[in-house]
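# Close look at the chain arrangement
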Amino acid sequence: MSTVLSIRSVTKTYYKPDGSVMAQALRGVNVDIEKGEYVAIMGSSGSGKSTLMNVLGCLDRPTTGEYFLGGKNVATMSDEELSLYRGRTIGFIFQAFNLIPELTIEGNVEVPLFYQGVPPAERRQRALDALKIVQLDHRTGHRPKELSGGQMQRVAIARALVTTPVLLLADEPTGNLDSATGQAILQVFDDLHDQGMTIVMVTHDPKVSERCQRIVRLADGVVETDVRQTPTRPVRTRVAEPAPQATPDSGVEPVAAIASA
Ligand code: ADP
Ligand code: MG
């Protein structure tokens, strides 16, 4: 096994404008994540989950401690180097999807490639390939508002995959979805895991975390427990794609029946 990321004695302190301490969000966290692992980050509100994800995702730098991502020491990179490296290495999935409403589905998926200077024809092809993985390649010209929540999250997953990252980070990716739709999205993550993707997901839902191989539980800015487990997956369901005229809020959500058993 190879190590995808390794953090050592990571702390993160938020300061007030006057320089006094506002919050010690992380107080010495050590985590190693191996290639192909599917890890849930859990813990009560305020325990430091989002702060840890921001550090892992190189959106924020630790106050102290070390972070090695893909064998490289992130701390010594300039902001410019880091953002380039982050773009090539990590795919992010957010609770609120964070799609750009003015762009088409395909345009949204192309965005990370645009920032990497990939030429238009290649961008288009790679966006289509990524949309195929989440079974939305027939919706390329639609705008996000024409899609259901589950479909929007699948677009966001395609956008995260389009750069062929080594690591997927997801902060409560099913938090804004109803339970059936959330299950469909989790099947997409299961499939990506089966294909060897390394996934780290924040969740407070035990039904979500039981699908993971490992649960890292934070409490008050430190790792309280870090346990490996045998994942439990629910039986797969297959639901027909709704008719094209179905409104985004009709409550009908197609299941991403990828590689159904
Ligand atoms: P969680 O995601 O587990 O709810 P967070 O990482 O968001 O926890 O927060 C951990 C602690 O850090 C909390 O006490 C929170 O108030 C504080 N915190 C988070 N972000 C900031 C920030 N940008 N500025 C100041 N304090 C923050
Ligand atoms: Mg949070």
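Here's a quick rundown of the structure. (Residues numbered from 1 in each chain as written. Chains lettered and ligands numbered in written order. Predicted model: local features only at pLDDT ≥ 70, side-chain atom pairs only at ≥ 80, totals over all residues. Heavy atoms only, no water.)

### Comments concerning the overall build of the protein chain
- Helices and strands together make up the secondary structure of the protein chain, namely 7 helices and 10 strands.
- A principal-axis box enclosing the C-alpha atoms of the protein chain has dimensions of 55 × 40 × 40 Å.
- Sorting the 261 residues of the protein chain into buried and exposed places 48% on the buried side.
- In the protein chain, the proportion of contacts linking residues at least 24 apart, taken out of those at least 6 apart, comes to 68%. (Helix = DSSP H or I, 4+ residues; strand = E, 2+ residues; numbered from the N terminus. Buried < 20%, exposed > 50% of the residue type's maximum accessible area, 1.4 Å probe, protein only. Contact = heavy atoms within 4.5 Å.)

### Things to note about the packing of aromatic side chains
- Inspection of the entire model under this criterion finds 2 aromatic pairs.
- An angle of 10 degrees between the planes, with centres 5.7 Å apart, marks the rings of phenylalanine 92 and phenylalanine 94 as stacked. (Phe/Tyr/Trp six-rings, centres within 6.5 Å; stacked < 30°, edge-to-face > 60°.)

### Some remarks on the site of ligand 1
- Near ligand 1, the surroundings consist of Tyr14, Met22, Ala23, Ala25, Ser44, Ser45, Gly46, Ser47, Gly48, Lys49, Ser50 and Thr51.
- Measuring from an oxygen atom of ligand 1, one finds a backbone N or O atom of serine 47 at 3.2 Å.
- One of the side-chain nitrogen or oxygen atoms of threonine 51 is found 2.6 Å away from an oxygen atom of ligand 1.
- Protein burial of ligand 1: of its 560 Å² of free accessible surface, 62% is covered by the chains.
- Mapped onto the shell around ligand 1, the elements with two or more residues apiece are strand S2 (21–34) and helix H1 (49–56). (Near = heavy atom within 4 Å. Polar contact = N/O pair within 3.5 Å; in protein donor to acceptor, adjacent residues only side chain to side chain. Areas by Shrake-Rupley, 256 points an atom, 1.4 Å probe, with all protein chains shown as cover.)

### With respect to the packing of helix H3 (residues 105–115) against helix H5 (residues 149–161)
- Where H3 meets H5, the closest approach of the two axes is 7 Å, and the angle between their N-to-C directions is 30 degrees. Remark: the crossing between H3 and H5 carries right-handed chirality. On H5, the residues that touch Ile105, Asn108, Val109 and Pro112 of H3 are Val155, Ala158 and Arg159.
- Here the residues of the contact of H3 with H5 sort into 5 nonpolar, 1 polar and 1 charged. (Axes fitted to C-alpha atoms, helices over the stretch in contact; angles between N-to-C directions. Left-handed = near helix turned anticlockwise from the far one by under 90°. Nonpolar A, V, L, I, M, F, W, Y, C, P; charged D, E, K, R; others polar.)

### Details of the pattern of salt bridges
- Under the criterion given, the structure shown has 13 salt bridges.
- For aspartate 220, the salt bridge is made with arginine 27, and the minimal N-O distance between the two is 3.4 Å. With aspartate 220 in the loop between strand S9 (214–219) and strand S10 (222–228) and arginine 27 in strand S2, the pair connects residues that are 193 residues apart, well separated along the chain.
- The exposed category is assigned to aspartate 220, whose relative accessible area is 53%.
- Salt bridges sharing common partners tie together Glu37, Arg214, Asp226 and Arg228. (Salt bridge = Lys/Arg side-chain N within 4 Å of Asp/Glu carboxyl O.)

### Brief notes about the side chain of threonine 89
- If you trace the backbone, threonine 89 turns up in helix H2 (residues 79–89).
- Once residues within four sequence positions are removed from consideration, threonine 89 is found in contact with Leu69, Pro165, Val166 and Leu167.

### Observations concerning the packing of H5 against helix H6 (residues 179–194)
- One way to put it is that H5 packs onto H6 with a least axis distance of 9 Å and a crossing angle of 20 degrees. One finds that H5 runs roughly parallel with respect to H6. H6 is crossed by H5, and the crossing has right-handed handedness. On H6, the residues touching Gly150, Gln153, Arg154, Ile157 and Leu161 of H5 are Thr181, Ile185, Val188, Phe189 and Leu192.
- A breakdown of the residues in the contact of H5 with H6 according to their chemical character gives 6 nonpolar, 3 polar and 1 charged. (Parallel < 35°, antiparallel > 145°, perpendicular 65-115°, else oblique.)

### Considering unusual backbone geometry
- Of note, the phi angle at phenylalanine 97 is positive, near 65 degrees, even though the residue is not glycine.
- Inspection of the secondary structure assignment puts phenylalanine 97 in the loop between strand S6 (90–93) and H3.
- Of the residues examined, phenylalanine 97 reaches a relative accessible area of 9% and is grouped as buried.
- The phi angle at glutamate 172 is positive, at roughly 50 degrees, despite the residue not being glycine.
- For glutamate 172, the location among the structural elements is in the loop between strand S7 (167–171) and H6.

### Brief notes about the sheet that holds strand S5 (residues 72–73)
- The strand order across the open sheet formed by 4 strands is S2-S1-S4-S5, and the pairing between neighbours is antiparallel. The outermost strands of the open sheet, each flanked by one partner alone, are S2 and S5.
- In the sheet, strand S4 (residues 64–69) pairs with S5 via 2 bridges, with the strands oriented antiparallel. Looking at S5, one finds that phenylalanine 68 is bridged to asparagine 73. (Pairing = 2+ DSSP bridges.)

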